[in-house]
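Reading the structure
Spelled out from the first residue to the last, the chains are:
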Amino acid sequence: MKKRVYLDYSATTPMKKEVLDEMLPFFNVQFGNPSSIHCFGRENKAAIDKSRTTIAKTLNAGVDEIFFTGGGSESDNWAIKGVASALKNKGKHIITTEIEHHAVLHTCQFLEKEGYDVTYLKVDKYGLIDIEELKAAIRPDTILITIMYANNEIGTLQPIKEIGKIAKENKIIFHTDAVQAYGNIEMDVNELGVDLMSLSAHKVYGPKGIGLLYIRKGTKIQPIIHGGAQERRRRAGTENVPAIVGFGKAAELAYENIEEHSSRLIYLRDKLINGLTEKIPFVHLNGHPTKRLPGNVNISIEFIEGESLLLMLDMVGVACSSGSACTSGSLDPSHVLMAIGLTHETAHGSLRLTIGDYTTEEDIDYVIENLPPIVERLRQMSPLYEKVKGGN
Amino acid sequence: MKKRVYLDYSATTPMKKEVLDEMLPFFNVQFGNPSSIHCFGRENKAAIDKSRTTIAKTLNAGVDEIFFTGGGSESDNWAIKGVASALKNKGKHIITTEIEHHAVLHTCQFLEKEGYDVTYLKVDKYGLIDIEELKAAIRPDTILITIMYANNEIGTLQPIKEIGKIAKENKIIFHTDAVQAYGNIEMDVNELGVDLMSLSAHKVYGPKGIGLLYIRKGTKIQPIIHGGAQERRRRAGTENVPAIVGFGKAAELAYENIEEHSSRLIYLRDKLINGLTEKIPFVHLNGHPTKRLPGNVNISIEFIEGESLLLMLDMVGVACSSGSACTSGSLDPSHVLMAIGLTHETAHGSLRLTIGDYTTEEDIDYVIENLPPIVERLRQMSPLYEKVKGGN
Amino acid sequence: MYSEKVMDHFTNPRNVGEIENADAVGQVGNVKCGDIMKMYLKIENDTIVDVKFKTFGCGSAIATSSMATEMIKGKTVKEALNLSNRAVAEALDGLPPVKMHCSVLAEQAVKSAIYNYAQKNDLYFEELEGFNPDEDHDHHDHGHEDEEH
Amino acid sequence: MYSEKVMDHFTNPRNVGEIENADAVGQVGNVKCGDIMKMYLKIENDTIVDVKFKTFGCGSAIATSSMATEMIKGKTVKEALNLSNRAVAEALDGLPPVKMHCSVLAEQAVKSAIYNYAQKNDLYFEELEGFNPDEDHDHHDHGHEDEEH
Ligand SMILES: Cc1ncc(COP(=O)(O)O)c(C=O)c1O
Ligand SMILES: Cc1ncc(COP(=O)(O)O)c(C=O)c1O
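Predicted, not measured: the structure shown is a model, and the values here were computed from it.

Residue and element names in this part refer to chain A. For chain A, the assigned domains are domain 1 (17–254) and domain 2 (258–391). Contacts between the two partners involve 28 residues from domain 1, matched on the other side by 29 residues from domain 2. Between domain 1 and domain 2 the total buried area reaches about 2300 Å² when both faces are included, carbon and sulfur atoms providing 58% of it. There are zero salt bridges connecting domain 1 and domain 2.

Quick look at the structure:
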């Protein structure tokens, strides 16, 4: 078979075998509704609690502060709309950034139409917010700060701890979208000072369609899915037992040896960055050189467009993305790359290669070997490249 | 091993082997994000489309009218809040019934707090609404009628076609929660005249955590989960590919021989109803004798309480429920049983036995044999039974 | 969900039944909440020499009735009046939070029977000060205790 | 996502390059939308005897450029002006709805080159009536065509 190199771990991850094995009995043997009293259902409550406990431990959170949802997007929507609705009589101002995931941005835009006021903090060329700007943006009617932990496109890590301190000083609820950070860096909700945190299992070798919202005890938030009494009356719907069990297992595996995992990824990441920037002219790294996700490589390759690059890479078996996978339905240049100051053409020529647990050193070598000729070929076709060559 | 008889198919169903087999490759082989361009993701779009097509056919709906969600509760929330939000300038009146699932009822109650006006139609002793009352409830500012197809507790089927006609005549959007009806009776969205319909896969031998909302083309509805461009920009979140594929397979199997399935269930149901009402005194059927779900048996057993009945049945291996599984977190007597006019004590003594594909005739015989002595034992302990015996 | 002790007292409840010509009979609870407990006492020389119960209710209602009757059998009336719901729950190795009201009901059932005894015999017990057997002792808090924070 | 024809023209694009001393050069698109097409024509006796292109853009932008150049090679200028975007798309066995704008761009690139030819040689073509080579022909509708109903 043709070589296949998956470098799109930030889009989604394959489920680990151990995760699937753990889930299997819950599909058709121990399949009962956990709300039931009988033995098909009763034991499932325990399975859910076990998973909740495992995950809570990885976050240093209370077991009763973990609420399962249908994914990261639902968690983001819940955090933002839930606080907006609960505190609407206190204020209607929300602070976020220009580089959030669409699940946060579009939710904020929706709230703007509903009469809320949103400040979108700018970021510098590395994708970092300015703490002073954040402080200046706070108003008496600010009810929520929502700033992502790790950016899904360029991998930049925000100073969450500092933000948490400021939020606390000002008694403002602080939500962070940690979907990309979870499983890749150590995190402690108390040290970080977050009140709400969104996670999604399919980014950490768990199943799709399951996420969670961490809700610090005492945080004022309304449900967004009303109905049955599940998740302690805060998120209705028959519990997705197999997925919850899988999420728990994935969390356990992710944090079993997080340091080793992370340093391995950083090694491969830096090798790839160095290899590509050395071998290909007119290439530069997007995001911060060190304050970035262990597995994230995002480069701009001048004079060519991302989709054709992806197609050519796909033909040699390399799977990656150009901007966020979630945004590729639209071909507008990524809002994140525009926010860090790239021109339209440079933004269009960006490539995101994200490394994960099954990536080998040979995979990295393979990409370093195969990408340069593809770039050269596409540049030969590009009218934007002419001038540069002419100038040479 | 001890005999185990599962009679709680309305709470949830075991996943069929064919469904699981269909899902497996999508967990860790063809696991890519369907929004991705590369081969790990690209083919998943096709898998999703295939599932959407299969399901659309079972409903006689358009492929582009099917939107996947995280379950039946989310679909109900979306339908109701989505229409309420889209039409808030047109009107704020909603018509529903007293016997809806909590996902509908609690959503309506939430909207009442937000300034909407909700009419809860009463039902007769069989759980049927009165069409004349529905007509009388319609106002110029009515924007939505939401009435469930099949009740999850007593199995009563509402006259959806008639309701659809009235809704259409009055140009009001009509939503039906068909979570319990789907896979058990034939349904055609055009014949029924519904604009919105909620379904959930785990009630039809599919996976948990996946549902859908049928949205008739042109129906005005806002999203409730904002973010990425998935589901044609109407429901954000990385698609749950394995679950969508599983839902498709489950739908295919359910409608392959729906008539046979349904008549087999009706036979077993009526055998169970007759067996129990003949062998146990002071027992009566809840819901309509014929306008009911093929697999639903709901009886009231006077003088005893449901939970102790469930526990004793569980000890002889019979799994069933008392009221809706979703509501059993609360021990208040079921709102449905109160709505059909039962007294508190009779409501507390109700038992729901729901029959499905793996139920055998021996299972039914086993229950008919084992329930009467349990009832007698509990009645011997009951202070409410004294008088009756005394009177004999 | 339930401890083994609860399941034992539910499946093999002690002291089920009635006492003809009982010296004291008490009933608490209401059908709305789905629990009714009726207790019969035989009292000789201030000592509970026999006790029986009948309960309409869930598993833990039956188990707490059974345990409470065991705990007061052979005790003086005074001692029985000091039986607390926590003691009953502990003797059962605990109850789920949503079921704690059953132990309250069991305590009240004992008090209610002794109240009846006091009335019939014109006795005064300071433990019954303020006790009203017709009051609704069940605080309708099923399922809510740990549901919200 | 793409037809085999599209993939073929993307991976083996025909007529890539420049023509030195071309009789006509046209460029359309803009970097904002991520597509730029530049087309070079060699014209003899009103016939397009050679054509080359350079494209910055996605797979279908490259494929439509390639197909469009193939379709006008050897044709008269008049015939080339009648090339429609639908014809290009059909020749490629169709394009995804979100990519139809690429075929529009290819049509406009041809027109733009011939416009340049007309200007240089002071010719009039009714097919170019109202055509403005500097207009933004790309309607910014990527990804929206089938996204909402
Ligand atoms: C009638 C009805 N509606 C909605 C639901 C909710 O579906 P889900 O559990 O998939 O959220 C259920 C089942 O729990 C149901 O029976
Ligand atoms: C930062 C971030 N937030 C939210 C999400 C949404 O998560 P999900 O796909 O589970 O809805 C994603 C991934 O798509 C993400 O990368």
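Once that is clear, we can look at the state of the cysteines. If you walk through the whole model with that rule in mind, you get zero disulfides over all chains. Between C102(C), a cysteine without a disulfide, and C58(C), which holds the nearest cysteine sulfur, the sulfur-to-sulfur distance is 3.8 Å.

Another point: the environment of L342(A). Residues and elements named next belong to chain A. Inspection of the secondary structure assignment puts L342 in the loop between α13 (335–339) and α14 (344–348). Residue classification places L342 among the buried positions, given a relative accessible area of 14%. In the structure, L342 is positioned 213 residues away from I129 in sequence and 16 Å away in space, judged by C-alpha atoms.

As a further point, take the interface of chain C and chain B. The partner chain B presents 23 residues to the 27 residues of chain C that form the contact. Buried surface at the junction of chain C and chain B, summed over both partners, amounts to about 2100 Å²; 66% is from carbon and sulfur atoms. Its largest share of buried area at the contact with chain B, chain C owes to F10(C), K54(C) and F56(C), together 28% of the area lost on that side. Seen at the junction of chain C and chain B, the total is one salt bridge. Here K99(C) makes a salt bridge to E307(B), at a shortest N to O gap of 2.7 Å. Connecting chain C to chain B are nine residue pairs in polar contact (both at pLDDT 80 or more).

Below, the discussion takes up the site of ligand 2. In the vicinity of ligand 2, 16 residues are found, and the nearest of them are S73(A), D177(A), S200(A), K203(A) and T238(B). Neighbouring residues of ligand 2 are not confined to one chain but are distributed across chains A and B. D177(A) places a side-chain nitrogen or oxygen 2.6 Å from a nitrogen atom of ligand 2. K203(A) has a polar side-chain atom sitting 3.0 Å from an oxygen atom of ligand 2. Burial of ligand 2 by the protein amounts to 98% of the accessible area it has alone, namely 390 Å². Of all the elements, helix α4 (residues 72–86) of chain A adds the most residues to the shell around ligand 2, at three residues. Taken together, the residues that form the shell around ligand 2 break down as three nonpolar, 10 polar and three charged.

Around ligand 1, 16 residues are found, and the nearest of them are T238(A), S73(B), D177(B), S200(B) and K203(B). Note that a nitrogen atom of ligand 1 is positioned 2.6 Å from one of the side-chain N or O atoms of D177(B). At 2.6 Å, a side-chain N or O of S200(B) approaches an oxygen atom of ligand 1. Taken by itself ligand 1 offers 380 Å² of open surface, and the protein chains cover 97% of this. The pocket occupied by ligand 1, as judged from atoms lying within 2 Å of grid points, is the largest cavity.

With that settled, the discussion passes to empty space enclosed by the protein. Applying the stated criterion across every chain, the model contains 15 cavities of 30 Å³ or more. In this structure, the largest cavity spans a volume of roughly 400 Å³. In this structure, the largest cavity is lined by 40 residues; those nearest its centre are G237(A), T238(A), G72(B), S73(B) and H202(B). Among the elements that take part in the lining of the largest cavity, helix α4 (residues 72–86) of chain B stands out by supplying four residues, more than any other.

Moving on, we come to the pairing of strand β7 (residues 196–200) of chain B. Along a regular strand, successive side chains alternate from one face of the sheet to the other. Residue and element names in this part refer to chain B. Within β7, five of the five residues are buried, which leaves it mostly tucked inside the rest of the structure. Across the two faces of β7 the burial is the same, with L196, S198 and S200 and M197 and L199 all buried. By the bridge criterion, three bridges tie strand β6 (residues 173–177) to β7 in an arrangement that is parallel. Note that in β7 the partner of T176 across the bridge is M197. Note that β7 and strand β8 (residues 211–215) share five bridges and pair antiparallel. If you follow S200 over to β8, its bridge partner there is G211.

Scoring rules and cut-offs
Residues numbered from 1 in each chain as written. Chains lettered and ligands numbered in written order. Predicted model: local features only at pLDDT ≥ 70, side-chain atom pairs only at ≥ 80, totals over all residues. Heavy atoms only, no water. Domains from an automatic or database assignment. Contact = heavy atoms within 4.5 Å. Buried area = accessible area lost by both parts, 1.4 Å probe. Salt bridge = Lys/Arg side-chain N within 4 Å of Asp/Glu carboxyl O. Disulfide = S-S within 2.5 Å. Helix = DSSP H or I, 4+ residues; strand = E, 2+ residues; numbered from the N terminus. Buried < 20%, exposed > 50% of the residue type's maximum accessible area, 1.4 Å probe, protein only. Polar contact = N/O pair within 3.5 Å; in protein donor to acceptor, adjacent residues only side chain to side chain. Near = heavy atom within 4 Å. Areas by Shrake-Rupley, 256 points an atom, 1.4 Å probe, with all protein chains shown as cover. Nonpolar A, V, L, I, M, F, W, Y, C, P; charged D, E, K, R; others polar. 1 Å grid on protein atoms, 1.4 Å probe; cavity = no way out; pocket = protein on both sides within 12 Å on 5 of 7 lines; lining within 4 Å. Sits in = over half its atoms within 2 Å of the grid points. Points joined across faces, edges and corners; volume = space filled by probe spheres on them. Pairing = 2+ DSSP bridges.

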